[in-house]
Amino acid sequence: MTKIFIYPTTSLILSDMVARFGHTPIGSALAIRERIQTAGIDSPPLQMTPEDAKKGLRWAAVEVPSGVRGRMSLYGPQLEEAEAAIIITDAEFAFGCMGCARTNELLVYLIKKKKIPILELRYPADEVEGNEFVAAIRDFLRDLGEEHD
Amino acid sequence: MNTYQPSYQGTVTKYVFVESPHTTPDDLASLAYEISDRAMIKETCFGLQITGDEKDVADIIRQLRTRDPAHIFVKDRGFPPGDPRRCRANLGGARPGYFGHEFEMGIIKRISQGILNLDEREEGKVAKPPVIRPDTGIDVAQLATLMKKEVP
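Residues numbered from 1 in each chain as written. Chains lettered and ligands numbered in written order. Predicted model: local features only at pLDDT ≥ 70, side-chain atom pairs only at ≥ 80, totals over all residues. Heavy atoms only, no water.

Student: Tell me about the overall build of chain B, and please be specific about residues and values.
Tutor: Along its length, chain B carries five helices and four strands. Along its sequence from the N terminus, chain B presents helices and strands in the succession β-α-β-β-α-β-α-α-α. The C-alpha radius of gyration of chain B comes to 23 Å, more than 25% above the 15 Å expected for a compact globule of 152 residues. With respect to the three principal axes, the spread of C-alpha positions in chain B is 80 × 55 × 25 Å. Here chain B, with 152 residues, has 41% of them falling under the buried criterion. Here chain B has roughly 9400 Å² of accessible surface; of this, 52% comes from carbon and sulfur atoms. (Helix = DSSP H or I, 4+ residues; strand = E, 2+ residues; numbered from the N terminus. Rg over C-alpha atoms; globule rule 2.2 N^0.38 Å. Buried < 20%, exposed > 50% of the residue type's maximum accessible area, 1.4 Å probe, protein only. Areas by Shrake-Rupley, 256 points an atom, 1.4 Å probe, with all protein chains shown as cover.)

Here you go:
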């Protein structure tokens, strides 16, 4: 099973497709779960802590807003363990439902810089595109499986 | 700062969405209650939330999927159900992240159709996924033609 980073990281469709075709989707829910199930002194662990902004320095420069660095402390480690990625390019809801626009831009940039297999596509606008959308994801994931065998 | 003691430690929570002409969230909930041993099932308007040991949750989902494979969709959730930091009973308004689900559920029928049509697809046919066309602007030759038309 290959670890597939999905973008938007909150996408139901991508998360399901990756799991359905036998791989492991890496999305924000896993990072959030790990965070809220860890006991600590910051309460409640909903907002970013000063420690997160420091962790985020690994992926974003110090002059980058702390919100971006804080979010990168969640996504950065996931990105490092990712072996492939699927990106939906026209996911406007990613602004708000998964993070801020700048974090999203940085995330896409870092995915592309990592030089892992990437499938880029947009949401299907009709049934024909839906067929191609699903087939493209299946073929991409099947080829990855063959590479790893 | 207060000490934070997490609840439901060591569990996983998964969303199960159903958008089907044959299966309702109520059908899925009944089935899930029957087969769940120790997992917590919460029925929602769109499907279920299942919380429990990772293996138990995976087993339940595997069995639920057999009911209507092309119309049941699953994803992870970070927070457990009813968590006061996320539950709209405490916050009011839509739950954070709801709009993403709302958007994707609007196009999920195309995905279901795509899954149903996968078996009939010719072997070896290369998929042409929908992509965003680059915004190239107007062609230079076309622009020149337009300019000539404007100038008497």
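Student: Explain the packing of helix 4 (residues 66-81) of chain A against helix 6 (residues 101-113) of chain A to me, and be specific about the residues and the numbers.
Tutor: Residue and element names in this part refer to chain A. Following both chains from N to C, one finds helix 4 and helix 6 inclined at 30°, their axes separated by 10 Å at the closest point. Judged on the interaxial angle alone, helix 6 and helix 4 are roughly parallel. The chirality of how helix 4 crosses helix 6 is right-handed. Residue-level contacts link Val68, Arg71, Met72, Tyr75 and Leu79 of helix 4 to Arg102, Thr103, Leu106, Leu107, Leu110 and Ile111 of helix 6. Here the contact of helix 4 with helix 6 is built from residues that sort into eight nonpolar, one polar and two charged. (Axes fitted to C-alpha atoms, helices over the stretch in contact; angles between N-to-C directions. Parallel < 35°, antiparallel > 145°, perpendicular 65-115°, else oblique. Left-handed = near helix turned anticlockwise from the far one by under 90°. Contact = heavy atoms within 4.5 Å. Nonpolar A, V, L, I, M, F, W, Y, C, P; charged D, E, K, R; others polar.)

Student: Would you mind going over the sheet that holds strand 1 (residues 3-7) of chain A in detail, with residue names and values included?
Tutor: The strands making up a sheet associate through backbone hydrogen bonding, with each pair oriented either parallel or antiparallel. All names here are of chain A. Read from one edge to the other, the open sheet built from four strands follows the order 2-1-3-4, with strand pairing classed as parallel. In this open sheet, the two edge strands, each paired with only one partner strand, are strand 2 (24-26) and strand 4 (118-121). With strand direction ignored, the average angle separating the axes of adjacent strands in the sheet is 25°. Note: strand 1 against strand 3 (residues 84-88), four bridges, orientation parallel. Among the inter-strand pairings, Phe5 is bridged to a residue of strand 3, identified as Ala85. Sheet contacts for helix 4: strand 1 and strand 2; angle to strand 1, the most-contacted strand, approximately 135°. (Pairing = 2+ DSSP bridges.)

Student: I'd like to hear about the confidence of the model for chain B, residue by residue, with values.
Tutor: Model confidence for chain B is summarised by a mean pLDDT of 89, while 98% of its residues fall at 70 or above. The ipTM, which scores confidence in the relative placement of chains, is 0.90 for this predicted complex, and the corresponding pTM is 0.88. (pLDDT = per-residue confidence, 0-100.)

Student: Please give an account of the sheet that holds strand 4 (residues 72-77) of chain B that cites residues and values.
Tutor: Residues and elements named next belong to chain B. The sheet built from four strands is open, its strands ordered 2-3-1-4 with antiparallel pairing. Two strands bound the open sheet, and with one partner strand each, they are strand 2 (40-43) and strand 4. On average, each strand axis in the sheet is tilted by 20° relative to the strand beside it, whichever way the strands run. Strand direction decides the pairing type here: strand 2 and strand 3 (residues 47-52), joined by four bridges, are antiparallel.

Student: Lay out the interface of chain B and chain A with the relevant residues and their values.
Tutor: Across the boundary between the two partners, chain B contributes 52 residues, which contact 47 residues of chain A. When the two sides are added together, the surface that chain B and chain A hide from each other amounts to roughly 4300 Å², 61% of it contributed by carbon and sulfur. There are three salt bridges connecting chain B and chain A. A salt bridge links Glu132(A) to Arg121(B); its shortest N-O distance comes to 3.2 Å. Linking chain B to chain A there are 22 residue pairs in polar contact (both at pLDDT 80 or more). Elements that contribute at least two residues to the side of chain B that touches chain A include exactly strand 1 (12-18), strand 4 and helix 4 (98-117) of chain B. If you tally residues by element for the side of chain B that touches chain A, the top one is helix 4 of chain B, at 13 residues. Classifying every residue of the side of chain B that touches chain A by side-chain character gives 27 nonpolar, 13 polar and twelve charged. (Buried area = accessible area lost by both parts, 1.4 Å probe. Salt bridge = Lys/Arg side-chain N within 4 Å of Asp/Glu carboxyl O. Polar contact = N/O pair within 3.5 Å; in protein donor to acceptor, adjacent residues only side chain to side chain.)

Student: Go over the side chain of Gln78(A) with me, naming the residues and quoting the values.
Tutor: Residues and elements named next belong to chain A. Along the chain, Gln78 turns up in helix 4. In this structure Gln78 comes out as buried when scored by relative accessible area, which is 6%. Those residues in contact with Gln78 that lie beyond four places of it in its chain are Phe5, Ile26, Gly27, Ser28, Leu30 and Ala31.

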